[in-house]
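The residues making up each chain are set out below.
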Amino acid sequence: MAREPAEPNAADVTPDLALELAQALVDEQFFLVYQPTIDLQTNAFAGVEALIRWRHPRHGVLSPDRFIEELEASGQIGPVGRWALSTACAQGAAWHDRGYRFNVSVNVSPRQFETPDFFRDVADALSTSRFDPSLLVLEFAQATLLGDRAQSTQRLEHLKTLGVRVAVDDFEPGTSALDELEELPIDIVKLDREFIAGLSTSSEATSLVHSLVKRSETRHLQVIASGIEDSEQRAQLKNEKVHVGQGYLFSKPHEAEEIDRFLEDFAIFSGKPL
Ligand code: G
Ligand code: G
Ligand code: MN
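Residues numbered from 1 in each chain as written. Chains lettered and ligands numbered in written order. Predicted model: local features only at pLDDT ≥ 70, side-chain atom pairs only at ≥ 80, totals over all residues. Heavy atoms only, no water.

In the vicinity of ligand 2 there are 17 residues, among which Gln-35, Glu-49, Arg-193, Glu-229 and Tyr-248 approach most closely. Contacts to ligand 2 include Asp-170, whose side-chain N or O atom sits 3.1 Å from an oxygen atom. Separating a nitrogen atom of ligand 2 from a side-chain N or O atom of Glu-229 is a distance of 2.5 Å. Considered on its own, ligand 2 offers 520 Å² of accessible surface; in the complex 84% of this is hidden by protein. Residue assignment for the shell around ligand 2 shows that the elements contributing at least two residues are β2 (45–56) and β6 (165–171). Broken down by class, the residue content of the shell around ligand 2 amounts to five nonpolar, four polar and eight charged. (Near = heavy atom within 4 Å. Polar contact = N/O pair within 3.5 Å; in protein donor to acceptor, adjacent residues only side chain to side chain. Areas by Shrake-Rupley, 256 points an atom, 1.4 Å probe, with all protein chains shown as cover. Helix = DSSP H or I, 4+ residues; strand = E, 2+ residues; numbered from the N terminus. Nonpolar A, V, L, I, M, F, W, Y, C, P; charged D, E, K, R; others polar.)

Structure below.
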């Protein structure tokens, strides 16, 4: 599905971009931003999703929609994905050391998941950072998992021996293949943000959320709603017993230092209704 970029970009893609991408990792132009997730029932801070950005020397900060595909096509997703995993785990461990214990989610693209190195990349990121594996969530798009299901199952089970958890990203009830996904060892289902955007005007969407949550209880799945932008959506999702929420209503993605400030406010004002 075509999406508006979440943040405006400074320039259109140029052929140079592909070449420049090769140097970007060496030149430390990539950085991660983190978007908080909130327990909708208790208002507790639940975790963050790590999202990559490219600080381009001339075009400014570029969002992954502009360069992930190119990284995939050129095979550079291997080293860049490794960097993202190890950076996110190191940051998660640093928060943990300061007494904050929450999940850190990292997005995994199709080609990353396919490479034999991926398991070792995750294992290395965990052991180097000493981040608690049970706090690391790997997010996969449905299409990444549903290609060769037998192979996906095998890979996911192997990854899960590390103690990590697995999320299905951009899930759209009604159109997504829940039956097939449930055969895989998944732990978390993330509701698509465009689906959430349509929630208030569609009673059908509301009943789809209702049955998903009901089903998740017997399957021991956690349901996360992404793209929550207003308090009406939040109230509706809380009412439907959706476990966790993410979206601009709570916070945009921010660099780690800004998340630190968010956490401080959280500790101080944890009793306030968000
Ligand atoms: O952050 P933003 O909404 O612009 O992200 C756009 C897309 O890029 C999302 O679908 C997200 O899954 C993907 N993405 C963000 N960070 C990473 C990353 O570190 N690795 C991979 N493979 N994909 C990412
Ligand atoms: O596909 P994935 O869920 O990994 O994409 C996450 C992206 O969604 C982030 O890059 C972020 O910029 C964007 N995003 C997060 N919250 C919101 C929101 O409330 N509204 C919109 N429009 N985009 C959001
Ligand atoms: Mn994601």
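Turning our eyes to something else, we now look at the packing of aromatic side chains. On inspection of all chains with the given rule, the structure shows nine aromatic pairs. Ring geometry for Phe-30 and Trp-83: centres 6.3 Å apart, planes at 40°, overall tilted. Taken together, the residues Phe-30 in strand β1 (residues 30–39) and Trp-83 in helix α3 (residues 77–97) connect sequence positions 53 residues apart. With a relative accessible area of 6%, Phe-30 lands in the buried category. Judged by its relative accessible area of 23%, Trp-83 falls in the partly exposed class. Plain terms: the ring middles of Trp-95 and Phe-102 are 5.2 Å apart, the flat faces sit at 45° to each other, and that makes the pair tilted. Residue Trp-95 shares its accessibility class with Phe-102, and that shared class is buried. A connected cluster of aromatic rings, assembled from ring pairs, spans Tyr-34, Phe-45, Trp-95, Phe-102 and Phe-262. Above the face of the Phe-31 ring, Arg-55 is positioned so that its terminal group lies 4.0 Å from the ring centre. Above the ring of Phe-113, the side-chain terminus of Arg-155 is found at 5.5 Å from the ring centroid. (Phe/Tyr/Trp six-rings, centres within 6.5 Å; stacked < 30°, edge-to-face > 60°. Buried < 20%, exposed > 50% of the residue type's maximum accessible area, 1.4 Å probe, protein only. Lys NZ or Arg CZ within 6 Å of the ring centre and 35° of its normal.)

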